[in-house]
Every structure is written in C-alpha cells, then in structure tokens.
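Coordinate analysis (summary)
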Amino acid sequence: AQTESLTIGAAHSLKPAFQEIVPMFEREYGARIHVVYGPSQSLRRRIETGTPIDVFLPEAVEEIEKLEKQGLTLNGGLRTYAQTSLVLVMSSSSRVTPISFHEDLPTPATRIAIGDPKTSALGINTVRALAHLSPAQKHRPSLLHAQHTEEILNLVDRGQADAGIVYRVDAISSGHMRIIDETSAGTSVPVRFGGAVVSTCREQSLAVAEEFLDFMMSPRIKKLLLKYGFEALPSHE
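Residues numbered from 1 in each chain as written. Predicted model: local features only at pLDDT ≥ 70, side-chain atom pairs only at ≥ 80, totals over all residues. Heavy atoms only, no water.

**Concerning the side chain of Arg44**
Within the secondary structure layout, Arg44 lies in helix H2 (residues 40-48). Given the relative accessible area of 8%, Arg44 is considered buried. Here Arg44 is in contact with Phe56, Glu63, Lys66 and Leu67, once residues within four sequence places are set aside. (Helix = DSSP H or I, 4+ residues; strand = E, 2+ residues; numbered from the N terminus. Buried < 20%, exposed > 50% of the residue type's maximum accessible area, 1.4 Å probe, protein only. Contact = heavy atoms within 4.5 Å.)

**Quick look at the sheet that holds strand S5 (residues 86-91)**
Strand order in this open sheet of 5 strands is S7-S6-S8-S5-S9, and the pairing throughout is mixed. Looking at strand neighbours, the two that pair on one side only are strand S7 (143-146) and strand S9 (177-183), the edges of this open sheet. For this sheet, the mean angle separating the axes of adjacent strands, direction not counted, is 35 degrees. Pairing of S5 with S9 involves 6 bridges; the strand directions are antiparallel. The residue of S9 that forms the bridge with Leu86 is Thr183. (Pairing = 2+ DSSP bridges. Axes fitted to C-alpha atoms, helices over the stretch in contact; angles between N-to-C directions.)

**Quick notes on the nonpolar core**
Core analysis: the largest hydrophobic core is formed by 60 residues, its most contacted members being Phe18, Leu57, Phe212 and Met216. Excluding residues within four positions of it along the chain, Leu57 makes contact with Ile8, Gly9, Ala10, Ala11, Leu14, Phe18, Tyr81, Gly194, Gly195, Phe212 and Leu213. Counting 10 residues, the second-largest nonpolar core is a separate cluster that includes Leu43, Ile64, Ala196 and Val198. (Core = buried A, V, L, I, M, F, W, Y, C linked by side-chain atoms within 4.5 Å.)

**Description of unusual backbone geometry**
The phi dihedral of Asn75 falls on the positive side, at around 50 degrees, and the residue is not glycine. The topology assignment puts Asn75 in strand S4 (residues 73-84).

**What about the pattern of salt bridges?**
What the rule picks out here adds up to 11 salt bridges. Arg192 serves as the salt-bridge partner of Glu65, at 3.8 Å between the closest nitrogen and oxygen. Here Glu65 is found in helix H3 (residues 62-69), whereas its partner Arg192 is found in strand S10 (residues 191-198), with 127 residues between them in sequence. Residue class for Glu65 comes out partly exposed when judged on its relative accessible area of 28%. Members of the salt-bridge network, linked through shared partners, are Arg44, Glu48, Glu63 and Lys66. (Salt bridge = Lys/Arg side-chain N within 4 Å of Asp/Glu carboxyl O.)

**Points about the packing of aromatic side chains**
As enumerated under the stated definition, the model contains 8 aromatic pairs in all. Plain terms: the ring middles of Phe18 and Phe212 are 6.1 Å apart, the flat faces sit at 90 degrees to each other, and that makes the pair edge-to-face. With a gap of 194 residues between them, Phe18 in helix H1 (residues 15-29) and Phe212 in helix H7 (residues 206-217) connect regions that are remote in the sequence. Among the residues examined, Phe18 registers a relative accessible area of 2% and is labelled buried. What makes Phe212 buried here is its relative accessible area of 0%. Between Phe212 and Phe215, the ring centres sit 6.4 Å apart and the planes meet at 40 degrees, which makes this aromatic pair tilted. On the criterion of helical spacing, the pair formed by Phe212 and Phe215 is a turn pair, its members being 3 residues apart in helix H7. (Phe/Tyr/Trp six-rings, centres within 6.5 Å; stacked < 30°, edge-to-face > 60°.)

**With respect to the sheet that holds strand S2 (residues 31-37)**
Pairing within the open sheet is mixed, and its 5 strands lie in the order S2-S1-S3-S10-S4. The open sheet has two edge strands, S2 and S4, and neither has a second partner. Ignoring which end each strand starts from, the neighbouring axes of this sheet average 20 degrees apart. In the packing of H1 onto the sheet, the strands contacted are strand S1 (4-10), S2 and strand S3 (55-57), and the crossing angle to S2 comes to about 160 degrees.

**Overview of the confidence of the model for the chain**
Mean pLDDT over the chain stands at 86; residues scoring 70 or higher make up 86%. Taken element by element, the predicted model of the chain shows its lowest mean pLDDT in helix H4 (residues 121-133) (81) and its highest in S3 (97). (pLDDT = per-residue confidence, 0-100.)

**What about H2?**
Those residues of H2 that fall on the buried side of the exposure criterion are Ser40, Gln41, Leu43, Arg44 and Ile47. Buried residues in H2, looked at end-on, bunch into an arc of 160 degrees, giving them a common side. Downstream of H2 by a residue or two, Gly50 has a phi angle that is positive, lying close to 95 degrees. (Arc of directions from axis to C-beta.)

Written out as structure tokens, the structure reads:
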C-alpha cells in the first residue's frame, strides 16, 4: 500500500508533544508526516498564499477563525483540543528580583522578552494582556521582540533578557525556567489551541488529514497533552 503523506503547520508549543504524537500516528495509520513549525501568523499567511499545508495547528484559535472568514478551512473548520495561559518566567539561575504582572515593574531597564505581535499570536495575546494589566507597560523601551517562544526562552536562558512572557505550556516544557506570575491574557477565557484541515490541503492527503485532526481531538491524545503542560478544555467545550 502507498504511504500517505501529510504536511502540518504547527505552533512551536506542540514540538515536545509531537515527538510522541507524530510517531504514534505514523505507526497506527501508516502515514508519513512532515511538520513545519513557525509563528502562527506567518503560517496563516502561507496558507492564504497557497502554500501546500494540509492541517493547521496554530498557537491560538483566532488564526483559524481568520481563515474561516475567508472560506479557507474545510470539513467543519475549527476544532479545539486544549488551552493554556500566559506566564511570566525567569531563568532558574537568575539573581534578578522576581517581578509581577500585577505590580509596577522594578525599573524601566528590566528587559522583558515577548513575542512579536507582527508575526505571532503569542505576541498579540501578550500585548493585549499588558495593555489590560498596565497600559504603560506595552510601551516600555526594554521590551525585546522575538519571533517565537523558543527565541524568548533562549534570550532569558542566556541572560539577554531578565524575564519573558510565554504560554504556560512552553514554560513547563522548559527545564531552565521558573514561573513567577500568571495571567489569563486579560480575559476570562484562556488561550485555546485548535486545528483545522485547510484549503491548501492536497486532494490525495485529505482523508489522512481528517484522520489526524480526529486523532488530535481523541480523549487519549487530549490526556497525553496534559503530560506536556497543556490544560484541559472546560467540559462544555
């Protein structure tokens, strides 16, 4: 039998869990998966311009909703499988005094690495949270923009930033970070992770794309994701 191939555009947050999930799917379904990791806005724009991505799993469901409005999702569109929140992290070895979302930061010179709102959903959610918690903070000259979560964590780990703002799931999967404060992005609804089969899905990959999305939504994969720091959706989701 011919091996089916599948291209997935995924958030960096999924990389640790995918080390287990992708081989599991390949064994059970006889498929070959290629994962393209990147900032969710960048991946969405690639889909909008016709890059052959079969399944889109961004770091926030808003990116899928933007595609849905353009008619660029297939077979029911968005499905959600997990959630997370924003956290403030520092290196485990840092000697800098811990800071908080809910207090004035100790000095304008405190360097905080955040996602670039021009390229990542993480950046948009971070700017939104900062504006809600302390409007002046989003204009701090010491905010360092990074392309994605891994770059934020590397800046903090190397001491090039005193703290960083990332998703809780990414902080937990990093062995060098400590969470010092947490927020729900300034709203009562945490950041939701979801997926969709998108319009750039190749015809020969459509069936396996649907199977992979079903696989991600299955109870056993949702349970497995908890091990990697994701949080379960409320029961009504």
